[in-house]
Amino acid sequence: MKRFTSLSLSLWLGMLLMTLASLAQADLTIEITRGSEKATPIAIVPFATPQDQPLPQDVAQIIADDLEHSGQFSPLPARTLISRPHDSASVKYRDWRAVDADYLTVGKITQEGSQYRIQFELMDIYGEKRVIGEVVTAGQGELREAAHYISDKIFEAITGIRGAFSTKIAYVTSQGVGEDMRFGLHVADADGHNSREILSSSEPIMSPAWSPDGRKLAYVSFETERPAIYIQDLASSQRVRASSFRGINGAPAWSPDGRKLAMSLSKDGQPEIYVMDIGARSFQRLTNSDAIDTEPSWSPDGDSLVFTSDRSGSPQLYRLDLGSNEAKRLTFTGNYNSRGRFSPDGESLFMIHRGNGGFQVARQDLDSGRLVTLTDSGADESPSVAPNGTMVIFATQQGGGDVLGAVSADGNASFRLPSAQGDVREPAWSPFMN
């Protein structure tokens with residue numbers, strides 16, 4: 001049984017302080033822009049509820065939305081549900097084959113005091129078997145979290161890939177004009193709900209980056225009128241200034257073990273790649289060229305960094321081996337490739353590529369060098385990869401404003417996450433949270 005328990009006192013106090021310090025924020029909303037023709041049809045039957053009364057959150061609908069947004073599933077519309085069973089014993093497989101469902105999820109929710117007991121089951125329709133079943137216990141404010149957990153379990157049971165619906169995203173918002181301009185650093189669920197502001201400033205905020213344990217964010221803030229890199233604990237809101245040298249302090253990136261931060265600093269002249277040992281607060285310079293070296297990102301094994309440099313005459317991606325300190329150019333398609341991010345398995349590289357359609361998210365296979373454009377918009381920036389490698393979130397433009405977009409790793413499905421309160425940019429997808 002999976003149990004969602006109350007937050008610890010220190011974590012609760014930290015969350016409360018962040019909530020009180022922030023302005024009321026609207027959640028991001030998801031708008032599907034392209035569905036995959038290869039999506040697996042699945043039926044999500046509304047869960048039975050105590051006395052058939054609606055709950056604060058519709059668990060079955062959240063699950064259906066999660067699976068649809070992944071681009072790999074196509075939930076059947078409610079009007080096509082041929083029946084509404086709540087357990088596997090009541091399922092007639094032939095009926096669900098008649099509506100072309102490959103899988104079926106059923107469940108029921110009972111209330112025990114202040115807790116909800118959520119029982120769910122997943123059935124393989126053509127195999128006529130129960131695939132998984134589990135009981136989840138959640139508090140009254142944890143139904144959405146429980147629904148994301150169930151989505152993760154269903155996704156993994158069918159695809160063999162760990163689900164990422166329970167992860168988070170960080171992003172930056174901007175509102176107002178001129179001296180009234182306000183910037184906010186936010187954290188939300190991966191579907192854009194439960195947004196909270198963790199920092200508000202009249203000066204720009206850039207480049208949020210998650211620590212490997214998901215407990216901290218590093219980011220760039222201009223609050224002292226010049227860029228500095230900060231590390232902030234999300235539970236306590238406490239933060240420390242990591243780097244504030246004269247010139248550029250930018251693009252922080254955590255090492256996989258969480259002990260180091262790679263960054264771009266211009267303290268010695270041109271922007272170069274440095275690594276900071278967080279515990280010792282010492283800096284090591286890794287690159288030394290006449291070009292601009294920036295936007296470092298670690299490989300999953302921690303043995304190398306990918307970074308952007310114009311040392312070849314235009315922005316391209318290079319891989320720096322941390323053992324030999326040798327840099328090798330990776331991208332050769334087109335005259336602009338930047339902001340490289342490894343896939344979790346280290347086999348692909350996601351980036352911003354400039355082609356005939358403008359600046360677009362692209363994926364390059366590292367063995368073959370083959371590059372594939374994933375988006376059809378022309379002003380994309382700041383890609384960040386889901387921890388399971390199935391989706392990429394990025395910033396783009398829509399209707400004259402900045403919004404977040406997401407595209408599946410194969411390019412077959414995409415959606416947008418606009419905000420009702422200002423522009424949104426600089427997204428960062430969290431690691432798995434447990």
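Fair warning: this is a prediction, and the values are worked out from it, not measured in the lab.

Help me understand the confidence of the model for the chain in this model?
Low-pLDDT stretches of the model should not have their predicted coordinates read in fine detail. On average, residues of the chain score 91 in pLDDT, and 94% of them reach the 70 mark or higher. When the criterion is pLDDT under 50, residues 5-25 qualifies, and its contacts beyond four places in sequence or with other chains add up to 25 contacts.

Looking at this model, I keep getting lost on the environment of W254. Mind explaining?
One can find W254 in strand β15 (residues 249-254). Separated by 204 residues in sequence, W254 and P50 place their C-alpha atoms 46 Å apart. In contact with W254, not counting residues within four places along its chain, are A209, W210, S211, P212, K216, L217, A218, I231, K260, L261, I278 and W298. In terms of polar contacts, W254 uses its side chain to reach the backbone carbonyl oxygen of A209, at 3.1 Å.

So what exactly am I meant to see when it comes to the sheet that holds strand β19 (residues 293-298) here?
Picture the strands of a sheet paired through backbone hydrogen bonds; they go either parallel or antiparallel. Spatially, β19-β20-β21-β22 is the arrangement adopted by the four strands of the open sheet, whose pairing is antiparallel. Strand pairing shows two members of the sheet lacking a second neighbour, β19 and β22 (327-329), which therefore form its edges. Looking at each pair of strands side by side, their axes are set apart by 30° on average, direction ignored. Note: strand β20 (residues 304-309) against strand β21 (residues 316-321), six bridges, orientation antiparallel. Pairing of S304 across the sheet is with D321, part of β21.

What am I meant to see in the sheet that holds strand β8 (residues 168-175) here?
Strand order across the open sheet formed by four strands is β10-β9-β8-β31, with antiparallel pairing between neighbours. Each edge of the open sheet is held by one strand with a lone partner, namely β10 (196-201) and β31 (423-429). Pairwise comparison of adjacent strand axes, ignoring direction, gives a mean angle of 20° for this sheet. Sheet topology places β8 next to β31; five bridges connect them, and they run antiparallel. In the sheet register, T173 faces β31, and the bridge partner there is V424.

Explain the packing of helix α2 (residues 59-69) against helix α4 (residues 143-159) here, please?
Packed helix pairs are specified by the crossing angle of their axes together with the interaxial distance, meaning the distance between the axes. Interaxial distance between α2 and α4 falls to 9 Å at its minimum, and their mutual angle equals 45°. Classified by the angle their axes make, α2 and α4 are oblique. The two elements α2 and α4 meet at a crossing, and its hand is right-handed. For the pair formed by α2 and α4, the contact residues are V59, I62, I63, D66 and L67 on the first element and L143, R144, A147, H148, I150, S151, I154 and F155 on the second. Across the contact of α2 with α4, the residue classes tally to nine nonpolar, two polar and two charged.

Would you mind going over the side chain of S207 with me for this structure?
Tracing the backbone through its elements, the reader meets S207 in strand β11 (residues 205-210). With residues up to four places along the chain from it excluded, the contact list for S207 reads A218, Y219, V220, A251, P252 and E426.

Help me out: how do you make sense of the packing of aromatic side chains in this one?
Any aromatic ring pair is given by two values, namely how distant the centres are and how the planes are angled relative to each other. According to the stated counting rule, one finds six aromatic pairs in the structure shown. Between F155 and F165, the aromatic rings sit 5.7 Å apart at their centres with planes inclined by 85°, giving edge-to-face as the arrangement. With F155 in helix α4 and F165 in the loop between α4 and β8, the pair connects residues that are 10 residues apart, well separated along the chain. Pair check on accessibility: F155 and F165 agree, each one buried.

How should empty space enclosed by the protein be read in this particular structure?
Applying the stated criterion to the full structure yields two cavities of 30 Å³ or more. Considering only enclosed or pocket space, the largest cavity measures out at about 180 Å³ in volume. Grouping the amino acids of the lining of the largest cavity by side-chain chemistry returns nine nonpolar, five polar and two charged.

Please clarify how α4 should be interpreted in this entry.
Along an α-helix, residues three or four positions apart point the same way, because every turn accommodates 3.6 residues. If you check α4, its first and last C-alpha atoms are 24 Å apart, about what 17 residues at 1.5 Å a residue would give, namely 24 Å. Every buried residue of α4 is listed here: L143, R144, A146, A147, H148, Y149, I150, S151, D152, I154 and F155. Following α4 by one or two positions, G160 adopts a phi angle in the positive range, close to 80°.

Would you mind going over unusual backbone geometry with me for this structure?
Trans is the common state for peptide bonds, and a negative phi is the common state for residues other than glycine. Positive phi outside glycine occurs at E128, with the angle close to 50°. You can see E128 is positioned in the loop between β6 (115-124) and β7 (129-139). Here E128 falls in the partly exposed class, since its relative accessible area comes to 45%.

Please clarify how the pattern of salt bridges should be interpreted in this entry.
Pairing between side chains becomes possible if they bear opposite charge and their charged atoms approach one another. According to the stated counting rule, one finds 13 salt bridges in the structure shown. D87 serves as the salt-bridge partner of K108, at 4.0 Å between the closest nitrogen and oxygen. You can see K108 sitting in strand β5 (residues 103-112) and its partner D87 sitting in the loop between β4 (73-75) and α3 (93-98), a full 21 residues away along the chain. One salt bridge in this structure joins E426 and R339, with 3.9 Å as the shortest N-O distance. Taken together, the positions of E426 in strand β31 and R339 in strand β23 (residues 337-342) put the pair 87 residues apart, joining distant regions of the chain. We note that E426, like R339, is buried. Members of the salt-bridge network, linked through shared partners, are K267, D268, E272 and R285.

Explain the pairing of β21 to me, please; I cannot follow it from the model alone.
Walk down a regular strand and you will see the side chains alternate between the two sheet faces. Taken together, β20 and the strand that follows it, β21, pair antiparallel across an intervening segment of six residues, in which G313 is found at a positive phi of about 110°. As judged from the three bridges shared by β21 and β22, these two strands associate in the antiparallel manner. Bridge pairing in β22 places R319 opposite K328. Taking the residues between adjacent antiparallel strands as the criterion, β21 and β22 are bridged by five residues, where N325 takes a positive phi near 60°.

What counts and what doesn't
Residues numbered from 1 in each chain as written. Predicted model: local features only at pLDDT ≥ 70, side-chain atom pairs only at ≥ 80, totals over all residues. Heavy atoms only, no water. pLDDT = per-residue confidence, 0-100. Contact = heavy atoms within 4.5 Å. Helix = DSSP H or I, 4+ residues; strand = E, 2+ residues; numbered from the N terminus. Polar contact = N/O pair within 3.5 Å; in protein donor to acceptor, adjacent residues only side chain to side chain. Pairing = 2+ DSSP bridges. Axes fitted to C-alpha atoms, helices over the stretch in contact; angles between N-to-C directions. Parallel < 35°, antiparallel > 145°, perpendicular 65-115°, else oblique. Left-handed = near helix turned anticlockwise from the far one by under 90°. Nonpolar A, V, L, I, M, F, W, Y, C, P; charged D, E, K, R; others polar. Phe/Tyr/Trp six-rings, centres within 6.5 Å; stacked < 30°, edge-to-face > 60°. Buried < 20%, exposed > 50% of the residue type's maximum accessible area, 1.4 Å probe, protein only. 1 Å grid on protein atoms, 1.4 Å probe; cavity = no way out; pocket = protein on both sides within 12 Å on 5 of 7 lines; lining within 4 Å. Points joined across faces, edges and corners; volume = space filled by probe spheres on them. Expected span 1.5 Å × (residues − 1). Salt bridge = Lys/Arg side-chain N within 4 Å of Asp/Glu carboxyl O.

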